[in-house]
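# Residue-level structure breakdown
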Amino acid sequence: MAAGGDDAVLSVADTGPGLTAEQVALLFRPFSQVHDPPDGRPRGAGLGLSISRRLVEAHDGRLWVESQGLGHGSRFVFSLPTTRTAHVEAGASAAPLAKSP
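Residues numbered from 1 in each chain as written. Predicted model: local features only at pLDDT ≥ 70, side-chain atom pairs only at ≥ 80, totals over all residues. Heavy atoms only, no water.

With that settled, the discussion passes to the nonpolar core. The biggest cluster of nonpolar side chains holds seven residues, and these are Leu19, Leu27, Phe28, Val34, Val56, Leu63 and Val65. Excluding residues that lie within four positions of it along the chain, phenylalanine 28 makes contacts with Leu49, Ser50, Arg53, Leu63, Trp64 and Val65. (Core = buried A, V, L, I, M, F, W, Y, C linked by side-chain atoms within 4.5 Å. Buried < 20%, exposed > 50% of the residue type's maximum accessible area, 1.4 Å probe, protein only. Contact = heavy atoms within 4.5 Å.)

With that settled, consider the side chain of serine 50. Within the secondary structure, serine 50 is located in helix α2 (residues 48-58). Those residues within four positions of serine 50 in sequence are excluded, and the remaining contacts are Phe28, Arg29 and Pro30. (Helix = DSSP H or I, 4+ residues; strand = E, 2+ residues; numbered from the N terminus.)

With that settled, the discussion passes to unusual backbone geometry. Most peptide bonds take the trans form, and the phi angle of most residues other than glycine is negative. Of note in the backbone geometry, phenylalanine 31 takes a positive phi value of approximately 70° without being a glycine. Tracing the backbone through its elements, the reader meets phenylalanine 31 in the loop between α1 (21-26) and α2. A residue is classified by how much of its surface remains accessible, and phenylalanine 31, at 61% relative accessible area, is exposed. Positioned with a positive phi, aspartate 60 is a non-glycine residue whose angle comes to about 65°.

Turning to the packing of aromatic side chains, a few remarks are in order. Here a ring pair, both rings aromatic, is described through the centre-centre distance and the interplanar angle of the planes. For the coordinates displayed, the defined rule picks out zero aromatic pairs. One Lys or Arg, arginine 53, reaches over the ring of phenylalanine 28 and ends 3.8 Å from the middle of that ring. A cation sits over an aromatic face here: arginine 62 above tryptophan 64, 4.2 Å from the ring centre. (Phe/Tyr/Trp six-rings, centres within 6.5 Å; stacked < 30°, edge-to-face > 60°. Lys NZ or Arg CZ within 6 Å of the ring centre and 35° of its normal.)

It is worth spelling out the confidence of the model for the chain at this point. The pLDDT averaged across the chain works out to 81; a share of 70% of its residues lies at or above 70. At the level of individual helices and strands, the chain shows its lowest average pLDDT in strand β1 (residues 2-4), which scores 55, and its highest in strand β3 (residues 62-66), which scores 96. (pLDDT = per-residue confidence, 0-100.)

Now the structure itself:
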């Protein structure tokens, strides 16, 4: 995890099959699955990344994937602000989030 300006950034990389640009475009859509399992039977509902992105965005963050194409693995990254600014109601204070030791 790294601090990027006022954001905390976490990334997870793998050495899996990688993704094409077309697959990246579909990856965060509800019910989409970009890899066919060997037995041809889908695994899961295709909702995990869509829900994850919505949760991260609800906290004013970003979730994205980086891949150099097939055969190069993928890197999933999300960032979250370390201070509250965007969803503060009128009249409420914008206090910083508590930092852990």
